[in-house]
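Structure assessment
Residue strings, one per chain:
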Amino acid sequence: MFTAGAVFLAPGDGTAAPLASIPRAAGPPAGSVEGLQARVVRLPKDPAGWAALGMAYVQQGRTTADPATYARAEKALRTSLTLQAKDNTDAQIGMGALAASRHDFPTAFAWALQATKSNPYSASAHGVLADAFTQLGRYAEADEAVQTMTDLRPDAASLARASYAFELKGDTRQARDLMRRSLTAAATPADSAFAHTILSSLTLQDGDAQGALSEARTGLRAAPDDSALLEASARAHEALGEPAEAVAEYQAAIAITPLPHYLLGLGELQQSLGHKDQAEAQYALLSAQDRIRETTGTPADTDAILFEADHGRPQRAVAMAEEALRTRPFVAVHDAYAWSLHRAGRHAEALEQADLALALGTRNALFRYHRGAIHHALGHTDASRADLEQALRQQAFHPLHATAARTMLQRIDTIE
């Protein structure tokens, strides 16, 4: 959820002058990219303005999936650091968020550590530190950073991170309660949309597809062009057995932002419906995005790894997962590695990774299915049944794998 390290993070609690203290001329909104661009033209020696512009570019890059935007973010943030090299907390936060967006979590951690040292009272700095710890698999330290952030500023950002900490441990009730509090504390439409997206996801994890759809619809009434909410609505429709509505919502989300997990979700849904050409069109876009990723030297995300494992070359997926795991030993990467190993026929190794993916107690139906299928390949019928049944408690958790899970359970029952 926080792999970009920039959710809700707005410079302003560091040491530089806050945006509100700078006189503004008429023109674009001050917090927009255009407004911040105008500000640095007007005040080119202002480190806070450059830091704010850099963070705005990071946020924009997360929603557009455009690597060029990250290059603009780095240029702005380094300009800020050139203007103020010492104790420039806002720029350090921005650099940490940027590194996380590029999946360079060791670098994100280093920048976050600098930010917390330059300003120990910056909640945003502790938020970036928490995100880095989480993706580095240092979950206890992530919890401590989230607690510090919440103690400093119990706002939408800190409450959302606290929610995620409980979600990772499988406590979806507490995660929902905290996300409700985050929604109540939301200060912007983007904060509210994000909260509704996560609430929809948590509700779906608990097997309530209708409730998940209701959460997504509530968010969409206020933010009809929010791609994450559209994708959440698509997954809820899919779980309710409404594929036409799910396809339409996926297509609307992709038209706004063609993020890899939207493309993979739609492609696999189309494949499950027998729409081969439509599925292949999404897979072709995914492959093109991955070729761009390779040129930048960025490690693969889990969507790309799983896509390669299921629709490409499993051995390549194994290599991609191993590269990602070196700098991101996070539960989702362990799961993607487990599935890649399984698809490559290395089931015993796969089980070790699947156990790591579920070690915290995460209630992720796909993780459960992956481990259930691995147990099935190893002949562990009782363990396989337990995982597969748990996965299927979430309605239609996957358009292709849900059918496979039911088939495996039938085989187990037949054998016994």
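Here's a quick rundown of the structure. A quick note: this is a predicted structure, and the numbers were derived from the prediction, not measured.

1. A word on the overall build of the protein
- The helix and strand tally for the protein stands at 22 helices and zero strands.
- Relative to a compact globule of 416 residues, whose C-alpha radius of gyration would be 22 Å, the protein shows 22 Å and is just as compact.
- Counting only residues that meet the buried cut, the protein has 54% of its 416 residues in that class.
- By element, 54% of the accessible surface of the protein is carried by carbon and sulfur atoms, the whole surface being about 17300 Å².
- Looking at the protein, you have 38 positive and 48 negative side-chain charges, and the mean spots of the two groups are 4 Å apart.

2. Looking at unusual backbone geometry
- Look at Asp87: it is not a glycine, yet its phi comes out positive at around 55°.
- Looking at where Asp87 falls in the secondary structure, it is placed in the loop between helix H3 (67-83) and helix H4 (89-101).
- The residue His103 is not glycine, and still its phi comes out positive at about 65°.
- Topologically, His103 is positioned in the loop between H4 and helix H5 (105-118).

3. Section: the nonpolar core
- Counting 42 residues, the largest nonpolar core has Leu53 and Leu98 as its most contacted members.
- Counting only elements with at least two residues in this core, the list comes to helix H1 (33-42), helix H2 (47-64), H3, H4, H5, helix H6 (123-135), helix H7 (139-152) and helix H8 (156-168).
- Element by element, the count of residues in this core is highest for H2, at eight residues.
- Each residue touching Leu98, except ones within four places of it in the same chain, is listed here: Val58, Tyr70, Ala73, Glu74 and Leu77.
- Counting 41 residues, the second largest nonpolar core, distinct from the first, contains Ala304, Val331, Ala338 and Leu341.

4. Regarding the packing of aromatic side chains
- Scanning the entire structure with this criterion turns up five aromatic pairs.
- Aromatic pair Tyr139 and Phe330: ring centres 6.5 Å apart, planes at 50°, arrangement tilted. Here Tyr139, found in helix H7, pairs with Phe330, found in the loop between helix H17 (314-327) and helix H18 (331-343); they are 191 residues apart in sequence, far enough to count as distant. The residues Tyr139 and Phe330 share a single accessibility class, namely buried.

5. A few points about the packing of helix H10 (residues 189-205) against helix H12 (residues 227-239)
- Relative to each other, H10 and H12 sit at 20°, their axes nearing to 9 Å. Here H10 lies roughly parallel to H12, going by the angle between them. Considering only the axes of H10 and H12, their crossing is left-handed. Along the contact surface, H10 presents Ala193, His196, Thr197, Ser200, Ser201 and Leu204, while H12 presents Ala228, Leu229, Ala232, Arg235 and Ala239.
- The class makeup of the residues in the contact of H10 with H12 is six nonpolar, four polar and one charged.

What counts and what doesn't
Residues numbered from 1 in each chain as written. Predicted model: local features only at pLDDT ≥ 70, side-chain atom pairs only at ≥ 80, totals over all residues. Heavy atoms only, no water. Helix = DSSP H or I, 4+ residues; strand = E, 2+ residues; numbered from the N terminus. Rg over C-alpha atoms; globule rule 2.2 N^0.38 Å. Buried < 20%, exposed > 50% of the residue type's maximum accessible area, 1.4 Å probe, protein only. Areas by Shrake-Rupley, 256 points an atom, 1.4 Å probe, with all protein chains shown as cover. Lys, Arg positive; Asp, Glu negative; His and termini not counted. Charge placed at Lys NZ, Arg CZ, Asp CG, Glu CD. Core = buried A, V, L, I, M, F, W, Y, C linked by side-chain atoms within 4.5 Å. Contact = heavy atoms within 4.5 Å. Phe/Tyr/Trp six-rings, centres within 6.5 Å; stacked < 30°, edge-to-face > 60°. Axes fitted to C-alpha atoms, helices over the stretch in contact; angles between N-to-C directions. Parallel < 35°, antiparallel > 145°, perpendicular 65-115°, else oblique. Left-handed = near helix turned anticlockwise from the far one by under 90°. Nonpolar A, V, L, I, M, F, W, Y, C, P; charged D, E, K, R; others polar.

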